[in-house]
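Remarks on the overall topology
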Amino acid sequence: MAAQQAPAAGEEQRPAPARPDPRLIVTRTTPAGLVQAGLRRLRGGELGPVPVIVALILICAVFQTMHERFLSPQNLSNLTVQVAAVGLMTTGVIMVLLLGEIDLSIGSVAGASAAITAVLAVRYGLPEWAAIAAAVGAGLAIGLVHGTIFAKVGVPAFVVTLAGLLGWQGLQLQLLGDDGTINISDSGAIAALTQTYFVPWMGWLIGGGAVLLYAVLTFTGERRRAAAGLATARPPAEVALRTLLLAVPVFGGVAVLNQFKGVPLAFLIFVGFVVAFDLMLRKTRYGRMVFAVGGGAEAARRAGINVDLIRISVFGLASMLAAIGGVVLVSRSFSASLDTAAGEELMMAIAAAVIGGTSLFGGRGNAYSALLGGLVLGAITSGLYLLQMGTPVRYMITAVVLLIAVVLDAFSRRSRRTHARG
């Protein structure tokens with residue numbers, strides 16, 4: 001073996017650059033390279049949204065073969081409005097699940113907020129926008145109370161929110177009174193949340209703006225990563241491919257929805273909150289602290305994170321989103337009643353979060369789980385209604401899908417431990 005050449009006099013000996021971990025290299029400029037990178041992530045337990053996307057495609061294919069109207073523009077438009085309320089609640093559930101905790105009160109918070117909205121707008125004559133703001137503020141305050149009791153007093157979140165489930169449902173009954181139902185105007189600001197549809201050119205403008213914004217933000221971010229010398233920076237070709245993959249469902253969805261009434265405002269509100277919370281979780285210091293607390297509260301505390309403040313704020317955000325979901329439920333039915341958010345909404349919100357890919361063990365998940373999980377459950381519900389199958393069948397199918405999602409999560413965690421990924 002040849003001897004290494006000694007450095008010349010006065011020449012500084014520099015260590016050879018370390019080779020980057022191949023698991024961290026995501027740059028692939030060819031379709032084959034992207035496929036290889038994806039397969040490597042799957043083998044390492046990084047399933048991402050792949051299982052739920054495949055499930056959604058299969059569900060749509062099965063129901064379309066069983067009923068020709070399933071993929072009709074009218075049914076798909078109704079589906080997008082249908083998933084908005086529970087989807088907003090699911091977004092809040094995801095925040096709590098990221099901490100490794102659970103919130104059983106979101107259904108009751110949504111119902112109480114719905115009652116507050118109707119009482120203030122109808123009985124007290126407040127402007128509807130003010131009634132909405134008051135209901136959302138009440139939801140935020142409720143969540144902060146739950147979070148404070150959990151974080152500062154030390155009562156388990158399960159117990160705190162179970163008490164909230166009972167207590168806020170009682171408040172809902174008290175506010176609605178003996179009649180049990182308060183009807184709202186079908187032409188006000190509340191009703192407009194689910195009755196507003198954008199005309200075709202506005203739908204195309206919104207879709208195009210969303211894709212363009214994604215392309216600009218992604219390209220700018222990758223340029224900064226490349227300038228910093230990070231090996232994980234993606235080339236422009238891959239950014240363009242990812243933008244194209246986003247543009248296909250966005251423009252396809254706009255085209256389909258424009259064949260009925262247009263893009264619904266309720267669905268845009270839901271997607272807007274999903275995108276905003278995703279950016280908050282991935283791009284801000286607060287989001288990184290949420291993941292850190294969910295990954296290990298004691299380790300996060302030793303790293304200087306105010307764990308109590310994170311927990312309190314997360315429960316506050318979750319209840320605020322539940323309150324917005326309650327307002328959307330009032331908008332859909334033009335009333336607040338004893339049945340508003342008093343049934344399956346809580347279980348559906350939790351199920352949608354887990355089905356969408358959020359781990360029950362904390363520290364893993366993203367806001368897009370609300371969108372994907374909500375669409376899966378919405379597709380199941382819509383398809384079974386078209387086939388005139390009852391609620392018992394829907395519950396059983398939902399249970400099977402939920403169980404499969406939890407099993408996949410467990411296998412994913414085991415695979416990540418095997419490949420030393422946590």
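Scoring rules and cut-offs
All chains use their own residue numbering, which begins from 1 and follows the written sequence. Predicted model: local features are reported for residues with pLDDT of at least 70 only, side-chain atom pairs are reported and counted for 80 or more only, and whole-chain, interface and lining totals are derived from all residues. Note that water and hydrogens are dropped before the side-chain values are worked out from all heavy atoms of the structure. Secondary structure elements follow DSSP: runs of H or I of four or more residues count as helices, runs of E of two or more count as strands, with numbering from the N terminus. Contacts are residue-level and defined by heavy atoms, with any inter-residue pair within 4.5 Å sufficient. Axis definition: a line fitted to C-alpha atoms, limited for helices to the stretch in contact. Angles are taken between N-to-C directions and run from 0 to 180 degrees. Oblique is the label for any angle not covered by the other classes, which are roughly parallel (under 35 degrees), roughly antiparallel (over 145) and roughly perpendicular (65 to 115). Here the term charged refers only to Asp, Glu, Lys and Arg, the term nonpolar to Ala, Val, Leu, Ile, Met, Phe, Trp, Tyr, Cys and Pro, and the term polar to all other amino acids, Gly among them. Of the grid points, spaced at 1 Å and generated over the protein atoms alone, those admitting a 1.4 Å probe that cannot get out make up cavities, while open sets with protein on both sides within 12 Å along at least five of seven lines make up pockets; any residue with an atom within 4 Å of a point is treated as lining. Grid points are joined across faces, edges and corners, and a volume is the space filled by probe spheres set on the points. Think of a salt bridge as a Lys or Arg side-chain nitrogen and an Asp or Glu carboxyl oxygen that are within 4 Å of each other. Here, expected helix span is obtained from the residue count minus one, scaled by 1.5 Å. For every residue, the accessible area obtained with a 1.4 Å probe (protein chains only) is divided by the maximum for its type, and the residue is called buried under 20%, exposed over 50%, and partly exposed between those limits. When charges are tallied, Lys and Arg are placed among the positive residues and Asp and Glu among the negative ones, while His and the ends of the chain are skipped. pLDDT is a residue-level measure of predictor confidence that goes from 0 to 100. Two axes enter the bend calculation: one fitted to the seven residues ending at the residue in question, the other to the seven starting there, and the bend is the angle between them. Pairs were defined over the aromatic rings of Phe, Tyr and Trp, the Trp ring being its six-membered one, requiring ring centres within 6.5 Å. Orientation was assigned from the angle between planes: stacked under 30 degrees, edge-to-face over 60, tilted for the rest. For patch detection, residues must exceed 30% relative accessible area and be free of salt bridges, and they are connected within 9 Å for like charges or within 5 Å for nonpolar side chains (Val, Leu, Ile, Met, Phe, Trp, Tyr). Each accessible area is a Shrake-Rupley result for a 1.4 Å probe, and residues are judged covered by the shown protein chains and nothing else. What we call a nonpolar core is a set of buried Ala, Val, Leu, Ile, Met, Phe, Trp, Tyr and Cys residues that are connected through their side-chain atoms within 4.5 Å.

Let us look at the environment of Ala266. Residue position: Ala266 is located in helix H10 (residues 265-283). A C-alpha to C-alpha distance of 8.1 Å links Ala266 and Gln195, two positions 71 residues apart in sequence. Dropping the residues within four chain positions of it, Ala266 is found in contact with Ala84, Leu193 and Thr194.

Here we take up the packing of H10 against helix H13 (residues 307-333). Contact pair H10 / H13: the axes reach a minimum separation of 13 Å and the direction vectors enclose 170°. Judged by the angle between their axes, H10 and H13 are roughly antiparallel. Residue-level inspection shows Phe273, Phe277 and Met280 of H10 in contact with H13, the latter providing Leu317, Leu321 and Ile324. Residues of the contact of H10 with H13, tallied by class, amount to 6 nonpolar, no polar and no charged.

Before going further, it helps to spend a moment on the layout of surface pockets. Approximately 460 Å³ is the volume attributed to the second largest pocket. Every residue lining the second largest pocket is counted, 20 residues in all, and those nearest its centre are Gln82, Val86, Arg332, Glu344 and Glu345. At the level of secondary structure, the elements contributing two or more residues to the lining of the second largest pocket comprise helix H3 (73-98), H13, helix H14 (345-355) and helix H15 (368-386). With 5 residues, H15 is the single largest residue contributor to the lining of the second largest pocket.

Now for the pattern of salt bridges. Proximity of charged atoms lets side chains of opposite charge pair with each other. Applying the stated rule across the entire model yields 7 salt bridges. Asp278 is the salt-bridge partner of Arg282, the closest N and O atoms lying 2.9 Å from each other. Placement of both Arg282 and Asp278 in helix H10 is noted, with a separation of 4 residues, approximately one turn of the helix. Salt bridges linked by common partners bring Glu298, Arg301 and Arg302 together as one network.

Turning our eyes to something else, we now look at helix H5 (residues 128-153). Its 26 residues place the ends of H5 37 Å apart at the C-alpha level, agreeing with the 38 Å of an ideal helix rising 1.5 Å per residue. Remark: Gly154 follows H5 within two positions and exhibits a positive phi of approximately 95°.

As for its position among the elements, Glu345 is in helix H14. One buried charged residue, Glu345, remains without a salt bridge, the closest side chain of opposite sign being Arg332 at 7.4 Å. With sequence-adjacent residues up to four places away left out, Glu345 is seen in contact with Val86, Met89 and Leu329.

Across the chain, the average pLDDT comes to 86, with 86% of residues at or above 70. Mean pLDDT values for the elements of the chain range from 60 in helix H1 (residues 31-43) up to 96 in H5. Segment residues 22-27 is flagged for pLDDT under 50; beyond a separation of four residues in sequence, or across chains, it makes 17 contacts in the model.

Moving on: H3. Look at H3: 35 Å from first C-alpha to last across 26 residues, which is about the 38 Å you get at 1.5 Å a residue. Along H3, the sharpest kink reaches roughly 40°, centred on Ala84. Counting buried positions over the 26 residues of H3 gives 21, a clear majority of the element. Gly100, located one to two residues past H3, shows a positive phi value of around 80°.

Tallied over the full model, the rule gives 5 aromatic pairs. On the basis of an interplanar angle of 40° and a centroid distance of 6.5 Å, the ring pair of Phe273 and Phe277 is categorised as tilted. Of this pair, Phe273 and Phe277 both sit in helix H10, 4 residues apart, roughly one helical turn. Exposure remark for Phe277: the relative accessible area of 7% places this residue in the buried category.

Below, the discussion takes up a nonpolar patch on the surface. Taken together, the side chains of Val50, Val54 and Leu58 make up a nonpolar region of the molecular surface, amounting to roughly 250 Å² of accessible area. Mapped onto the secondary structure, Val50 falls in helix H2 (residues 50-66). For Val50, a relative accessible area of 40% corresponds to the partly exposed category.

What follows concerns the nonpolar core. Ranked by internal contacts, the top residues of the largest apolar core, which has 92 residues, are Phe270 and Ile310. Not counting residues up to four positions away in its chain, the partners in contact with Ile310 are Leu99, Tyr286, Met289, Val290, Val293 and Ile305.

What follows concerns the packing of H10 against H15. At a minimum axis separation of 8 Å, H10 and H15 run at an interaxial angle of 140°. Contacts between H10 and H15 involve Phe267, Phe270, Val271, Val274, Val275 and Asp278 from the former and Tyr368, Ala370 and Leu371 from the latter. Taken together, the residues of the contact of H10 with H15 break down into 8 nonpolar, no polar and 1 charged.

Glancing now at the environment of Trp201. Relative to the helices and strands, Trp201 resides in helix H8 (residues 200-227). For the pair formed by Trp201 and Gly262, sequence separation is 61 residues and the distance between their alpha carbons is 9.2 Å.

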